[in-house]
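So the chains spell out like this:
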Amino acid sequence: MRFLFVPALLICAGISHAQTLKSLAQSRGIYVGAAASGVTNATYDTTLNREFNGIVCENAMKFGSIMTGENAFSYSGADAIVNFGVARGMYVRGHNFIWHKQMPGWFSGTTYVPSRDSTFRMMKKYINNVMAHYRGKINEWDIVNEAVARDSSGMRLGSGYSDASQNSKWAALTDAPNHNFDYIDSAFAYARRADSNVLLIYNDYDCEGMGKKSNYVYNIVAGLKNKGLVDGIGLQCHFYVGPSTSGSNGAWVPAEMVSNFQRLAALGLRISLTEVDMRIQTNPAPDSALLAKQREGYKTLMGICLAQPACKAFFTWGVNDSQSWIPGAFSGYGQALLFDNTSANGVYNRKAVYYGVQEALTATSIWGHKTNLKIIADDHQSHRFDLRGRLVTALPYNPIFVTKKTVNPK
Ligand code: G3I
């Protein structure tokens with residue numbers, strides 16, 4: 001069926017088969033990248049190299065993979081992927097530093113008993129070591145990942161948020177009873193000092209459109225930007241495409257995304273779409289209407305990115321469907337990426353969604369319309385972090401309680 005469908009699309013769009021996503025992305029001045037689980041499979045590597053001009057480690061660069069002991073670092077897994085990208089002139093993302101998941105056993109186990117000060121020192125040692133190792137190789141780093149709770153009830157670490165992740169030992173960085181989450185400022189400050197030539201990113205999900213979580217995230221990045229600590233925002237874009245619904249938590253509503261991108265860009269931030277995937281129900285097998293909707297979804301998302309000059313990166317969270325985290329995390333769902341699990345001539349076969357992205361890359365802007373934008377002004381206080389790993393003051397800092405002012409759009 002696909003073989004009948006695809007050539008027709010290509011003829012309509014006037015797209016040459018030789019135009020890979022990489023070549024089209026380069027001509028549009030953006031990076032199309034993928035999360036790599038490794039670089040040891042010829043078909044996988046060839047597809048990555050042919051189609052993408054950006055790369056990020058799916059897991060190999062996380063705390064649990066890299067910091068194998070309180071004073072021990074293991075870089076081989078991440079090095080292989082980073083060096084693959086550097087050798088091919090790719091835009092390399094670093095993912096990630098402070099996250100509540102995938103921590104090393106020595107840190108999450110019972111023998112490590114953190115105090116607030118010792119955990120600040122640990123965070124600084126970790127950031128300094130890893131950033132020094134990758135100096136000159138990474139273009140942008142996710143410094144803090146997913147700091148706002150999934151249900152938008154507040155900040156995640158140390159807040160009593162009803163998810164096992166609150167047990168992360170990074171929670172020791174917070175002074176939650178005093179609403180103090182200044183670890184975010186500090187993580188960025190340490191990173192800025194460790195390598196002033198790399199772009200620093202705050203990365204999160206379910207904050208792509210407008211809504212409560214999106215506002216919290218906006219407050220975080222607005223405060224960081226005021227202090228000169230952040231360069232961009234990473235919007236993960238883990239989306240669901242269903243027969244009737246288009247998303248959850250206000251995240252996947254195209255017109256809202258246009259508005260959100262505008263207010264983020266107005267702060268002077270870069271926008272990176274960092275972990276794009278669009279899962280669909282696979283059991284029962286998707287029908288042609290659902291596949292067409294998914295194709296349209298990918299096309300729309302790329303169109304929104306291209307219409308916003310601040311949006312510079314479109315990274316999918318994996319290369320092909322068999323490598324994706326989705327089936328393991330959402331039983332009965334999958335097929336979320338651009339390539340399937342079959343291959344021909346040494347590369348994975350392109351799916352309908354691939355052609356949706358390709359079509360957007362060759363089209364003129366499709367989501368560039370003006371919106372009735374409301375900007376939420378930010379009134380953060382000034383610096384509170386200590387570059388030597390200690391608190392400067394005990395002033396509370398909780399981005400969720402920042403006063404919001406609505407400014408009428410011009
Ligand atoms: O490496 C071990 C392996 O030794 C063991 O045999 C196997 C048994 O389950 O587990 C392997 O570790 C798994 C790891 O992926 C590597 O495959 C972990 O169990 C599994 O939990 C882990 O999942 C990753 C997940 O983050 C962890 O939360 C996914 O691959 C990865 O795609 C996902 O990525 C995150 C981003 O970093 C942040 N945003 C959300 C995104 C999706 O959850």
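Residues numbered from 1 in each chain as written. Predicted model: local features only at pLDDT ≥ 70, side-chain atom pairs only at ≥ 80, totals over all residues. Heavy atoms only, no water.

### Quick notes on the environment of Thr316
Moving on, step 1. Tracing the sequence through the fold places Thr316 in strand S11 (residues 311-316).
Moving on, step 2. A residue is classified by how much of its surface remains accessible, and Thr316, at 0% relative accessible area, is buried.
Moving on, step 3. It is 5.9 Å that separates the C-alpha atoms of Thr316 and Asp277, two residues lying 39 residues apart in sequence.
Moving on, step 4. In this structure, Thr316 is in contact with Gly33, Ala34, Ala35, Phe52, Val276, Tyr298, Leu337 and Leu338, ignoring residues within four places of it in sequence. (Helix = DSSP H or I, 4+ residues; strand = E, 2+ residues; numbered from the N terminus. Buried < 20%, exposed > 50% of the residue type's maximum accessible area, 1.4 Å probe, protein only. Contact = heavy atoms within 4.5 Å.)

### Re the side chain of Asp185
Moving on, step 1. Residue placement: Asp185 occurs in helix H8 (residues 183-194).
Moving on, step 2. With a relative accessible area of 0%, Asp185 lands in the buried category.

### What about the site of the ligand?
Moving on, step 1. Close to the ligand lie 14 residues; Glu58, Lys62, His95, Glu146 and Glu275 are nearest.
Moving on, step 2. Here an oxygen atom of the ligand sits 2.7 Å away from a polar atom, N or O, in the side chain of His95.
Moving on, step 3. Within the side chain of Gln102, a nitrogen or oxygen atom sits 3.3 Å from an oxygen atom of the ligand. (Near = heavy atom within 4 Å. Polar contact = N/O pair within 3.5 Å; in protein donor to acceptor, adjacent residues only side chain to side chain.)

### A closer look at the pairing of strand S14 (residues 347-350)
Moving on, step 1. Direction of pairing for strand S13 (residues 339-344) relative to S14: antiparallel, over a ladder of three bridges. Within S14, the residue paired with Ala344 across the bridge is Val347. (Pairing = 2+ DSSP bridges.)

None of the figures reported here should be taken as evidence of function without further support.
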